[in-house]
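So you can see what is in the structure, the chains are spelled out below.
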Amino acid sequence: MKKSSISIFKTLLVASGLLCATSCSDFLDREPDQILTEEQVFSDPVMIRSVLANFYGRVTWGQHIGDSYTFTILDEAGKSDGGPDNIQRFSDTQWRVHDYGLIRNFNQFLQGLRNTTVLGETEKLQYEGEVRFLRAWTYFNMCKGLGGMPIVGDEVFEYSGGMDVTALQYARSTEAELYDYVISECEAISTMLSTDRNTNSARANKWAALMLKARAAIYAASIANYNNKMSSPIQTPGGEVGIPASMANGYYETALSAAEEVIENSPYELQLTKPDDLERNFYEATSVKDNNREVIWAKDHGYPGQGQQVNFTTANIPGSHAEDIDRAYAGPILNLVEDFEYSDSRNGDIKTRDDQDNYIFYDDPLDAFAGKDARLGGTVILPNSLFKGSQVPLQAGQKVWNNGAWQTITSQPGERDGAGRLITSINGPNRSNEQYINKTGFFFRKFLDETPGASTRGRNSDMWYPRFRFAEAVLIAAEAAMELGDQSTAVDYINRVRERAGIQPLSAVTLDDIIQERRVEFAFENHRYWDLKRFRKAHIVWNGVINSSTAQQWALFPYLVVAPGTSNDGKYVFERLPFSNSLHPRLFELRNYYNFIDFAWQNANPKIVLNPFQ
Amino acid sequence: MKKNINMLLVAALLAVSSCGLDNYDAPESIIYGRVVYNGEPVGVRGTGEAVQLQLYQDGYELRNPIPVYVSQDGTFEAKVFDGEYKLVTRDNNGPWVNDRDTTIVNLRGAAHVDIEVTPFYTLSNVQLSLNGNNVDASFQINEVAGGRDIDYVMVLVGKTMFVDDVSYTERLDISDVSAGSTITDVIDLSNNTDFKSGRSLYARVGLRPAGKDQAIYSQVVKLR
């Protein structure tokens, strides 16, 4: 016994001695192979470029085609996949942005960039413009959710253990100061950035900077304007939330001049390459990268390249056109479809019943949408419209005339009746809990990729996600001009967008016209939530009332009429129904106008003031 | 033999040392009470954690409050450790004048605290009854703090005992009402599926002051 334990001990001793003697010296002297030093990066132009490229991939927040669920939260689309989504309220941290780690990275890059010797002056200026643009974009995204936040400028903070950190604790700026910072940064960099277009508008140029300036200014203007028109303006005593009403006009003027600079001097335009097919024209203006004239800055995706694709098409393609297993994850809802005007009427309601509450019969489901704003056909796949050259069927079932009453018949998708007539189409819609069947009556068209293979898991899509495009400059100019009292300028701008959509011009512009136009022009483009917030309409539109036309989600189900011997046999009728897969109306509350400050930030920095309602 | 003892010793060591990791007993002491005006509890929306109070405690590194959720009948209860706390309403949350005054609570086992608030309006003389296919509602609006408009009053019918402006089976909004008046109205339930099913029904009335995030309510009554 004793012998074995001593020899074990000896062996251990010798072994550990060997370990120390041999591998110690090499082990701790290895070079890190996953961390690059400042010197390594800024002595190599390719490395500098690659760091900048990395930054472009870190600034995507809010709605995005990389996350189809984000489109189903509001009043634009409904999630058709699987069981019902029970959401009702909005999160206190809805789409909240807070990334000072990223801002620090930007500032580190700026520091290294300004001191590097391997780049020429023009290139240095261009890169500086781009990184400051991305930084301003980050602050803007923070501001529209949280209000004023600490502005750290170009600081790269140094920290050593045990130091007094009060100097590192910056207080929140006022909301106005943060918008002003974004605006002044955009002004400063607009002379550094190129005026040329670039591949797929993936990189920032002068026009992207001016668009950000215009958008920041119009957001600040509308908050200064409409927040103070509430019966209880939302504000903090120190101005971290809330902008004085007296500042509104100044911001509207800034927005108008920045937007007009883009409209008049940029190489972009309201794309009109297919004036004889306005629906196709609108689809191409937003969703086709080749020869695009409209999009100023986008989150681009690529193929091939690992991790460079996006699965919006794979998830949302109609089953009738699917190339793989996935399909029909979500679809536009009737609320959005009915907000598009008709060319002869500003009321977009689909006529499903007449004054005596009888069905209205259509030869083809698509006829119910005849004469609609061309942007509808470019944004939404309507029942029996074409995608990639073939029809997309959407038929919920049959309405059979039986003994003086209508009987509703539905089936498994694709089944036919005894006479060979389709009952429920392969695409649905239905009201079941199954996945892969549409439940709203419509499919996405905007951002749906027509490239062969784009709906397969193996290839996915390299569709881009536009962030700024020319139409926004026009509508910012229309809104700013209207608010400044210049109706003729406002009317001129809004009618340019309406003309491209094939609908009647307006003779005067009100706030409701602006909201309406932005709703239908920018569906699924991450504008709706921020627009209703800055106009302080969100709690009125999304008021939580059951069966409200705006807060409740609605579906439109087409049915084939089976009434042999009558003139209506073989025609189609529609039923308007609450969307079955998200039955609670949306409830936007006063506290949702600003994200909650995380208590952890206040723990780390006592100067951080909480937002109202916290 | 030695090996076994060694293993036992190691196991014993582990058992002894793990006692020190995160082995606090759950708290047993309660702070309970009501949000009141004039001795009467204030009715609020009880669902969705809508109305909250906050418990702060000094002397710790982190400064986050503990949320205290107010039920629809105005009562609240929090189970925490003994100590000295500061109880305060949440900022701008509730159908009363925003008042962030602190109530000190010294907790030794149990503490009963009533939080006084000043509503903008109150509802009184509330009559709610089922009459055939209809719900008859009658109530009086009283101005307390006033100073702001009334957005609307609501008569709410629910299929569970939790009834509020987002949990209801039937809701009637009445606008253009003023303080000091008595509101009488009728809800027709003949097309309501929950009414037709014969199940229990509950009701209350509510008032939404303009610009406030919450409405004030009467207590829930059972209709049938």
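Counting from 1, residues in each chain are numbered in the order their sequence is written. Lettering for chains starts from A, numbering for ligands starts from 1, and both go in the order in which the items are written. Reporting in this predicted model follows two pLDDT cut-offs: at least 70 for local features of residues, and 80 or more for side-chain atom pairs to be given and counted; totals over whole chains, interfaces and linings ignore these cut-offs and use all residues. With hydrogens and water excluded, all non-hydrogen atoms of the structure serve as input to the side-chain values.

1. Some words on the overall build of chain A
Link 1 in the chain: Helices and strands together make up the secondary structure of chain A, namely 18 helices and 12 strands.
Link 2 in the chain: Considering chain A as a whole, with its 614 residues, one finds that 56% of them fall into the buried category.
Link 3 in the chain: Note on areas: these come from Shrake-Rupley sampling with a 1.4 Å probe, and a residue is covered only by the protein chains present in the view. As displayed, chain A has an accessible area near 24,900 Å², and 51% of this comes from carbon and sulfur atoms.
Link 4 in the chain: Neither His nor the chain termini are counted; the positive set is Lys and Arg, and the negative set is Asp and Glu. One atom stands in for each charge, and that atom is NZ of Lys, CZ of Arg, CG of Asp or CD of Glu. In chain A, 60 positive and 78 negative side-chain charges are present, and the distance between their average locations comes to 5 Å. Think of it this way: any DSSP run of H or I at least four residues long counts as a helix, any run of E at least two long counts as a strand, and we number them from the N terminus. Burial classification: accessible surface area is computed with a 1.4 Å probe over protein chains only, and a residue below 20% of its type maximum counts as buried, one above 50% as exposed, and the rest as partly exposed.

2. What about the pairing of strand E11 (residues 150-158) of chain B?
Residue and element names in this part refer to chain B.
Link 1 in the chain: Counted residue by residue, E11 has eight buried out of nine residues, so it is predominantly covered.
Link 2 in the chain: The pairing of E11 with strand E14 (residues 202-209) spans eight bridges and is antiparallel. Within E14, the residue paired with Leu156 across the bridge is Arg204.
Link 3 in the chain: Two strands qualify as a pair provided that DSSP identifies no fewer than 2 bridges between them. As defined by bridge partners, E11 adjoins strand E12 (residues 170-174) across five bridges and the pair is classed as antiparallel. Pairing of Val153 across the sheet is with Ile174, part of E12.

3. A short note on the sheet that holds strand E8 (residues 405-409) of chain A
Residues and elements named next belong to chain A.
Link 1 in the chain: With respect to topology, four strands assemble into an open sheet ordered E8-E7-E11-E12, the strand pairing being mixed. Where the open sheet ends on each side, the last strands, each with one partner, are E8 and strand E12 (572-578). Averaged over neighbouring strand pairs, the angle between their axes works out to 35° when direction is ignored.
Link 2 in the chain: In this sheet, E12 lies alongside strand E11 (residues 554-562) in antiparallel orientation, the contact comprising seven bridges. Across the sheet, Ala555 pairs through a bridge with Leu577, a residue of E12. Axis definition: a line fitted to C-alpha atoms, over the contacting stretch in the case of helices. Angles run 0 to 180 degrees between N-to-C directions.

4. Quick word on the interface of chain B and chain A
Frequently, the measure chosen for interface size is the accessible area removed from exposure when the parts meet.
Link 1 in the chain: On the chain A side, the residues contacting the 22 residues of chain B number 21 residues.
Link 2 in the chain: Both sides of the chain B and chain A interface together cover about 1,800 Å² of buried area, and 48% of this is carbon and sulfur.
Link 3 in the chain: Buried area: the sum, over both parts, of the accessible surface (1.4 Å probe) that disappears when the two are put together. On the chain B side of the interface with chain A, the three residues burying the most area are B:Arg63, B:Val166 and B:Tyr168, jointly 26% of the side's total.
Link 4 in the chain: In the sections that follow, a salt bridge refers to a side-chain nitrogen of Lys or Arg positioned within 4 Å of a carboxyl oxygen of Asp or Glu. Between the two partners, chain B and chain A, sit one salt bridge.
Link 5 in the chain: A:Glu589 is paired through a salt bridge with B:Arg45; the nearest N and O atoms lie 2.9 Å apart.
Link 6 in the chain: In protein, a polar contact requires one atom able to donate a hydrogen and another able to accept it; more generally it is a pair of N or O atoms within 3.5 Å, and residues adjacent in sequence count only if both atoms are side-chain atoms. Here chain B and chain A share nine residue pairs in polar contact (both at pLDDT 80 or more) between them.
Link 7 in the chain: By the convention adopted, Pro, Cys, Tyr, Trp, Phe, Met, Ile, Leu, Val and Ala count as nonpolar, Lys, Arg, Asp and Glu as charged, and the other residues, Gly among them, as polar. Here the residues of the side of chain B that touches chain A sort into six nonpolar, six polar and 10 charged. By definition in these notes, contact holds between two residues if any of their heavy atoms fall within 4.5 Å.

5. A few points about the confidence of the model for chain B
Residue and element names in this part refer to chain B.
Link 1 in the chain: Averaged over all residues, the pLDDT of chain B is 92; the fraction at 70 or higher stands at 91%.
Link 2 in the chain: Each residue carries a pLDDT score, the predictor's confidence in it, ranging from 0 to 100. At the low end of the mean pLDDT range in chain B sits helix H1 (residues 2-18), at 61; at the high end sits strand E15 (residues 216-217), at 98.
Link 3 in the chain: Interface confidence in the predicted complex, given as ipTM, is 0.88; pTM for the same model is 0.92.

6. Quick word on the packing of helix H13 (residues 470-483) of chain A against helix H14 (residues 487-500) of chain A
What describes two packed helices is the angle between their axes and the distance between those same axes.
Residue and element names in this part refer to chain A.
Link 1 in the chain: Close contact between H13 and H14 brings their axes to 7 Å; oriented N to C, the two are set at 150°. It follows from the interaxial angle that H13 and H14 lie roughly antiparallel. With respect to the hand of their crossing, H13 and H14 are arranged in left-handed fashion. Residue-level inspection shows Ala471, Val474, Leu475, Ala477, Ala478, Ala481 and Met482 of H13 in contact with H14, the latter providing Gln487, Thr489, Ala490, Tyr493, Ile494, Arg496, Val497 and Arg500.
Link 2 in the chain: The residue makeup of the contact of H13 with H14, split by class, is 11 nonpolar, two polar and two charged. When describing relative orientation, an angle under 35 degrees is termed roughly parallel and one over 145 degrees roughly antiparallel, while 65 to 115 degrees is termed roughly perpendicular and anything else oblique. Left-handed is the label given to a crossing in which the near helix is rotated counterclockwise from the far helix by less than a right angle, and right-handed is the label when the rotation is clockwise.

7. Topic: the pairing of E14(B)
Residue and element names in this part refer to chain B.
Link 1 in the chain: Taken across its eight residues, E14 has eight buried, putting it largely inside the fold.
Link 2 in the chain: By the alternation rule, side chains of E14 split into Tyr202, Arg204, Gly206 and Arg208 and Ala203, Val205, Leu207 and Pro209, which are all buried.
Link 3 in the chain: Note: E14 against E15, two bridges, orientation antiparallel. Its bridge partner being in E15, Gly206 is matched across the sheet by Tyr217.
Link 4 in the chain: Connecting E14 to the antiparallel partner E15 that follows it, the hairpin turn spans six residues, and Gly211 within it adopts a positive phi of roughly 80°.

8. Here we look at the packing of aromatic side chains
Residue and element names in this part refer to chain A.
Link 1 in the chain: Two rings belonging to Phe, Tyr or Trp (six-membered ring only in the last case) form a pair when the distance between their centres is within 6.5 Å. Interplanar angles under 30 degrees mark stacking, angles over 60 mark edge-to-face geometry, and anything in between is tilted. Under the defined criterion, the tally for this structure stands at 36 aromatic pairs over all chains.
Link 2 in the chain: Aromatic side chains Phe90 and Trp542 sit 5.6 Å apart centroid to centroid with 35° between the ring planes, which places their arrangement in the tilted category. Taken together, the residues span a long stretch of sequence, with Phe90 in the loop between strand E1 (77-79) and helix H4 (100-115) and Trp542 in the loop between helix H17 (538-541) and E11 at a distance of 452 residues. You'll find Phe90 and Trp542 in the same group, each marked buried.
Link 3 in the chain: Ring geometry for Trp137 and Trp297: centres 5.1 Å apart, planes at 90°, overall edge-to-face. Placement of the pair is Trp137 in helix H5 (residues 121-146) and Trp297 in strand E2 (residues 295-299), with a sequence separation of 160 residues. Like Trp297, Trp137 is buried.
Link 4 in the chain: Here the aromatic residues Phe90, Trp95, Tyr529, Trp530, Trp542, Phe588 and Tyr593 are joined through ring pairs into a cluster of three or more.

9. Focus: the environment of B:Arg100
Link 1 in the chain: Mapped onto the secondary structure, B:Arg100 falls in the loop between strand E6 (83-89) and strand E7 (103-107).
Link 2 in the chain: Among the residues examined, B:Arg100 registers a relative accessible area of 35% and is labelled partly exposed.
Link 3 in the chain: For the pair formed by B:Arg100 and B:Val88, sequence separation is 12 residues and the distance between their alpha carbons is 5.9 Å.
Link 4 in the chain: Apart from residues no more than four positions distant in its own chain, B:Arg100 is found in contact with A:Gln614, B:Gln54, B:Val88, B:Thr89, B:Arg90 and B:Asp91.

10. So, the sheet that holds strand E4 (residues 66-69) of chain B
Residue and element names in this part refer to chain B.
Link 1 in the chain: Sheet architecture is open: four strands sit in the order E4-E3-E6-E7, paired in antiparallel fashion. Each edge of the open sheet carries a strand with a single partner, namely E4 and E7. The sheet shows a mean angle of 35° between the axes of neighbouring strands, taken without regard to direction.
Link 2 in the chain: Bridge count between strand E3 (residues 52-56) and E6: four bridges; the pairing is antiparallel. Pairing of Tyr56 across the sheet is with Lys86, part of E6.

11. A closer look at the nonpolar core
Residues and elements named next belong to chain A.
Link 1 in the chain: What is meant by a nonpolar core is a set of buried Ala, Val, Leu, Ile, Met, Phe, Trp, Tyr and Cys residues, joined one to another through side-chain atoms within 4.5 Å. In terms of nonpolar packing, the biggest core is built from 117 residues, with Phe133, Leu134, Tyr179, Leu212, Trp297 and Trp542 touching the most fellow members.
Link 2 in the chain: For this core, the leading source of residues is helix H7 (residues 206-226), giving 16 residues.
Link 3 in the chain: Discounting chain neighbours no more than four positions away, the residues touching Tyr179 are Phe140, Cys143, Lys144, Ala216, Tyr219, Ala220, Ile223, Ile243 and Tyr251.

12. Observations regarding H14(A)
Residues and elements named next belong to chain A.
Link 1 in the chain: Its 14 residues give H14 an end-to-end C-alpha distance of 20 Å, which sits within 8% of 20 Å, the value for a rise of 1.5 Å per residue.
Link 2 in the chain: Among the residues making up H14, those that are buried are Ala490, Val491, Tyr493, Ile494, Asn495, Val497, Arg498 and Arg500.
Link 3 in the chain: Those residues of H14 that are buried lie in contact with helix H8 (248-265), helix H9 (278-287), helix H12 (374-379), strand E10 (465-469), H13 and helix H15 (511-521).
Link 4 in the chain: In the segment just after H14, Gly502 is the residue with positive phi, at about 75°. Here the expected span of a helix is defined as 1.5 Å times the quantity of residues minus one.

13. Points about the environment of A:Tyr493
All names here are of chain A.
Link 1 in the chain: Its place among the elements puts Tyr493 in helix H14.
Link 2 in the chain: Given the relative accessible area of 3%, Tyr493 is considered buried.
Link 3 in the chain: Those residues in contact with Tyr493, other than ones at most four positions away along the chain, are Glu260, Ile263, Glu264, Val474, Ala477 and Ala478.

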